[in-house]
Amino acid sequence: MVVNTPGPNGEDVPEPGEDRTDPSTRLEGWRRFVEEDPAVFQLLPERQWQALSPPMRDAYDEARIAYHSELQVVRTSTVREIAHQGRLLTLLNQREHGARRGMIVSGEWTTGKTTALKQLGRLHELRVRQRFPGSDRIPVVYITAPPKGSPRKLAMEFARFLGLPVINPRHNTIDVTSAVCQVLIEARTDLVLVDEIHLLNHATTAGEDLSDHLKYFTEHLPATFVYAGINVEQSGLFTGIRGKQLAGRCLLVRTGPFPLNEEWRSLIASMEGTLCLHRHGSGTLVKMSKYLHQRTGGMIGSLSHLIRAAAISAILDETERITRATLKSVRIDHSSESSARGRTTSLPLTG
């Protein structure tokens, strides 16, 4: 959140907020994520901006850089679909005594899976807080599947999220799991989000053990489980008996690159509308929709990185505008850059 301090002539000059944020895989970090309002920033009028002293100009620019470094969530059709399906599942599962239905969000990298997953959790928790104000509930748990996972590692991810006391090495996996389940039941947790689920491979013994333990959690917690991972259909998640059982209990929502259509231009317009640059002309980026699609392959994560990095560059080089040259100078993920080079062999990068 951006705050203000008095500047010359009594105007407010925003200060950059805290540089570091707690991870959302810890309860305090998750609560801060849920409670934090979207970053806002109001540009100073031209005369006041020009009148800033060098130290105040530096503070002002640092605040704008901090603002642009924060991911501005755009409610894409994918985010809306995942939020809608997730809410339906939590409502359907609230009185279910048998096998509860879940959801798996699958897609390529930088297609907004984690963003959509966390927005689902945020919206659910805000609804629960509104319904039960002042309660000590923990409506949502957000963890990531542990790499080279084991049942104990999975249980420890839950324990770390909750901030449980350090687990004694003598405590076995069942001890840790029982303690976690007891806390989550008492805290009325009803939505569990598990990211990076592609790390779970049913074709391996370790993956089978981890899957069995995750299934234990789903059967002992009255909660809806929602997973997200990279191309889970090819990761081994649905192989074997365990994979087929998971596929039979979960609906699948795919994320992917956006086509060059009206929604793509709308996404660019939304991001452009959040820019805080003194010389940037409204609609400049929308006119470069085709170029931006060629650069990013329609990947929302790559687009967000490109625009935010270009905005920061425009502040650092004092041009205060994003141009084609600015965008070309910004490097994004290797996958998008490689794909863009391949596309330019047959298609000119026009606006």
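Our subject is the structure listed above.
In this report, we go over the structure that sits alongside the text.

The rules we used
Just so you know, the residues in each chain are numbered from 1, in the order the chain's sequence is written. The predicted nature of this model means local features are confined to residues of pLDDT at least 70 and side-chain atom pairs, given and counted, to a pLDDT of 80 or more, with totals for whole chains, interfaces and linings taken over all residues. Processing note: side-chain calculations cover all non-hydrogen atoms of the structure and skip hydrogens and water entirely. Put simply, DSSP H or I for four residues or longer makes a helix, DSSP E for two residues or longer makes a strand, and each gets a number counted from the N terminus. Using a 1.4 Å probe on the protein chains alone, a residue whose accessible area is under 20% of its type maximum counts as buried, one over 50% counts as exposed, and one in between counts as partly exposed. Whether two residues are in contact is decided by their heavy atoms: any pair within 4.5 Å suffices. Note on pairing: two strands pair once DSSP finds at least 2 bridges between them. What counts as an axis is a line fitted to C-alpha atoms, over the stretch in contact for a helix, and the angles between N-to-C directions run from 0 to 180 degrees. The convention is simple: Lys and Arg are positive, Asp and Glu are negative, and His and the chain ends are not counted. Throughout this description, the term salt bridge denotes a Lys or Arg side-chain nitrogen within 4 Å of a carboxyl oxygen of Asp or Glu. What the arc describes is the spread of directions from the helix axis to the C-beta atoms. Ring pairs shown here join Phe, Tyr and Trp side chains whose ring centres sit within 6.5 Å, with only the six-membered ring taken for Trp; geometry is labelled stacked below 30 degrees between planes, edge-to-face above 60, and tilted in between. Either the NZ atom of lysine or the CZ atom of arginine qualifies as a charge over a ring when it sits within 6 Å of the ring centre and within 35 degrees of the ring normal.

**As for the overall build of the protein**
Logical step 1: In terms of helices and strands, the protein carries 15 helices and 7 strands.
Logical step 2: Sorting the 351 residues of the protein into buried and exposed places 45% on the buried side.
Logical step 3: Within the protein, contacts between residues at least 6 apart in sequence are counted, and of these 74% link residues at least 24 apart.

**Some words on the sheet that holds strand E3 (residues 102-107)**
Logical step 1: Pairing is parallel in the open sheet, where 5 strands are placed in the order E4-E5-E6-E3-E7. Looking along the sheet, the strands with just one partner apiece sit at the ends: strand E4 (140-144) and strand E7 (250-255). On average, adjacent strands in this sheet sit at an angle of 15 degrees to one another, irrespective of strand direction.
Logical step 2: With 6 bridges joining them, E3 and E7 adopt parallel strand pairing. Counted as the bridge partner of glycine 102 is cysteine 250 from E7.
Logical step 3: Each of E3, E4, strand E5 (191-195), strand E6 (224-230) and E7 touches helix H5 (residues 113-131); the most contacted strand, E5, lies at about 165 degrees to it.

**Looking at unusual backbone geometry**
Logical step 1: In the Ramachandran plot, lysine 148 falls in the positive-phi region, its phi being about 50 degrees despite a non-glycine side chain.
Logical step 2: Look at glutamate 318: it is not a glycine, yet its phi comes out positive at around 65 degrees.
Logical step 3: Within the fold, glutamate 318 resides in the loop between helix H13 (300-316) and helix H14 (324-329).
Logical step 4: You can call glutamate 318 exposed: its relative accessible area is 66%.

**Section: the side chain of arginine 137**
Logical step 1: Looking at where arginine 137 falls in the secondary structure, it is placed in the loop between H5 and E4.
Logical step 2: Despite being buried, arginine 137 has no salt bridge partner; aspartate 190 is the closest side chain of opposite charge, sitting 5.4 Å away.
Logical step 3: Every residue in contact with arginine 137, bar those within four places of it in the chain, is listed here: Arg31, Val128, Phe132, Ala187 and Arg188.

**Focus: helix H1 (residues 27-35)**
Logical step 1: Where H1 is concerned, the buried positions are Leu27, Gly29, Trp30 and Val34. Down the axis of H1, the smallest arc covering the buried residues is 165 degrees, so these residues share one side.
Logical step 2: Those residues of H1 hidden inside the fold are in contact with H5, E4, helix H6 (151-162) and E5.

**Digging into the pattern of salt bridges**
Logical step 1: On inspection of all chains with the given rule, the structure shows 12 salt bridges.
Logical step 2: In this structure, the salt-bridge partner of arginine 242 is aspartate 212, at a minimum N-O distance of 2.6 Å. Of the two residues, arginine 242 sits in helix H9 (residues 240-249) while aspartate 212 sits in helix H8 (residues 205-220), which places them 30 residues apart along the sequence.
Logical step 3: Two residues, lysine 215 and glutamate 219, come together in a salt bridge whose shortest N-O distance is 2.5 Å. Here the residue lysine 215 and the residue glutamate 219 both occupy positions in helix H8, the gap between them amounting to 4 residues, near one helical turn.
Logical step 4: Salt bridges sharing common partners tie together Glu35, Glu125 and Arg129.

**Overview of the environment of aspartate 136**
Logical step 1: Summarising the element assignment, aspartate 136 is placed in the loop between H5 and E4.
Logical step 2: Residue aspartate 136 is classed as exposed on the basis of its relative accessible area, which comes to 68%.
Logical step 3: With 52 residues separating them along the chain, aspartate 136 and arginine 188 place their C-alpha atoms 9.1 Å apart.

**A word on the pairing of E3**
Logical step 1: In terms of residue burial, E3 counts as a mostly covered element, since 6 of its 6 residues are buried.
Logical step 2: What you see with E3 is no split at all: Gly102, Ile104 and Ser106 on one side and Met103, Val105 and Gly107 on the other are buried throughout.
Logical step 3: In this structure, E3 lies alongside E6, joined through 5 bridges in parallel fashion. Within E6, the residue paired with glycine 107 across the bridge is isoleucine 230.

**A look at the packing of aromatic side chains**
Logical step 1: Taken as a whole, this structure holds 6 aromatic pairs when the rule is applied.
Logical step 2: Seen from the ring of phenylalanine 132, arginine 137 lies directly overhead, with NZ or CZ sitting 3.7 Å from the centre.
Logical step 3: The ring of tyrosine 291 carries arginine 324 above its face, with NZ or CZ at 4.5 Å from the centroid.

**Concerning the environment of glycine 149**
Logical step 1: Along the polypeptide, glycine 149 turns up in the loop between E4 and H6.
Logical step 2: Residues glycine 149 and leucine 210 lie 61 residues apart in sequence; the distance between their C-alpha atoms is 6.4 Å.
Logical step 3: Ignoring anything within four residues of it in the chain, the contact list for glycine 149 reads Ala206 and Leu210.

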